[in-house]
Amino acid sequence: MIFIQGFFMMNTIAMVFQYSMLTVLVCFYYFNLINNVDENLDIMRYPPFWATAGILFYALAFMFYHVAFSYMVYKQNYHFFILARVIPNIACLILYSLLSIAFIYQYKKANSIDIIKTS
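Quick caveat: nothing in here was measured; it's all calculated off a predicted structure.

What counts as what
Residues numbered from 1 in each chain as written. Predicted model: local features only at pLDDT ≥ 70, side-chain atom pairs only at ≥ 80, totals over all residues. Heavy atoms only, no water. Helix = DSSP H or I, 4+ residues; strand = E, 2+ residues; numbered from the N terminus. Contact = heavy atoms within 4.5 Å. Patch = residues over 30% accessible without salt bridge, like charges linked within 9 Å, V, L, I, M, F, W, Y side chains within 5 Å. Areas by Shrake-Rupley, 256 points an atom, 1.4 Å probe, with all protein chains shown as cover. Salt bridge = Lys/Arg side-chain N within 4 Å of Asp/Glu carboxyl O. Buried < 20%, exposed > 50% of the residue type's maximum accessible area, 1.4 Å probe, protein only. Core = buried A, V, L, I, M, F, W, Y, C linked by side-chain atoms within 4.5 Å. Phe/Tyr/Trp six-rings, centres within 6.5 Å; stacked < 30°, edge-to-face > 60°.

## Overview of the environment of Ala91
Phase 1 of the analysis: Positionally, Ala91 belongs in helix H3 (residues 80-118).
Phase 2 of the analysis: Leave out the neighbours within four places in its chain, and Ala91 touches Tyr58, Ala61 and Phe62.

Okay, here's the thing in structure tokens:
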């Protein structure tokens, strides 16, 4: 196996490529969602919208993190370590918050369907 950045270095090129592909896939999903949306679909209460929004923000934050990591750490800028501790935590907080919103809307949707079926 060939290691582009070396064996003992963080392979940020692969991680940036991974998160950029994830970002492109989420953008394709949003494009298809907008083009094929029904008139009566409330997109703000649509659980997959919130889940993919969380994935999008997570991928963008970590893409920025790994681009900055490869530049700042290899240039030995030690002020970057503050950002290196904050960016992943904020990205995870946003991801988990948006996933929680998606799960809450899915739970409300499932409960409303159960109430209609039992009536």
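From this point on, the discussion continues.
## Some words on a nonpolar patch on the surface
Phase 1 of the analysis: Residues Phe57, Leu60, Ile82, Val86, Ile90 and Ile94 make up a contiguous nonpolar surface patch of roughly 520 Å² in combined accessible area.
Phase 2 of the analysis: Where the nonpolar patch is concerned, the elements lending two or more residues are helix H2 (47-72) and H3.
Phase 3 of the analysis: Position of Val86 among the secondary structure elements: in helix H3.

## Some points on the pattern of salt bridges
Phase 1 of the analysis: Tallying each qualifying case throughout the model produces one salt bridge.
Phase 2 of the analysis: A salt bridge links Asp42 to Arg45, with the nearest nitrogen and oxygen atoms 3.4 Å apart.
Phase 3 of the analysis: Looking at Arg45, the relative accessible area reads 52%, which means it is exposed.

## Details of the environment of Phe17
Phase 1 of the analysis: Mapped onto the elements, Phe17 comes out in helix H1 (residues 12-35).
Phase 2 of the analysis: Taking C-alpha positions, Phe17 is 8.3 Å from Met63, a pair spaced 46 residues apart along the chain.

## Some details on the nonpolar core
Phase 1 of the analysis: Formed by Tyr19, Ala59, Ala61, Phe62, Met63, Tyr65, Ala68, Phe69, Phe80, Ala84, Ile87 and Ala91, the largest nonpolar core amounts to twelve residues.
Phase 2 of the analysis: Listing elements by their share of this core, those giving two or more residues are H2 and H3.
Phase 3 of the analysis: In terms of residue count, the dominant contributor to this core is H2 (seven residues).
Phase 4 of the analysis: Dropping the residues within four chain positions of it, Tyr19 is found in contact with Tyr58, Ala59, Phe62, Met63 and His66.
Phase 5 of the analysis: In terms of nonpolar packing, the next biggest core, distinct from the first, is built from ten residues, Val26, Leu33, Phe49 and Ala102 among them.

## What about the packing of aromatic side chains?
Phase 1 of the analysis: Under the definition given, this model contains seven aromatic pairs.
Phase 2 of the analysis: Consider the rings of Tyr29 and Tyr30, whose centres lie 5.9 Å apart with planes at 50°: the pair is tilted.
Phase 3 of the analysis: Judged by relative accessible area, which is 27%, Tyr29 ranks as partly exposed.
Phase 4 of the analysis: Here a set of aromatic residues connected by ring pairs shows up, and it is made of Tyr19, Tyr58, Phe62 and Tyr65.

Limitation: the analysis is restricted to geometry and does not speak to function.
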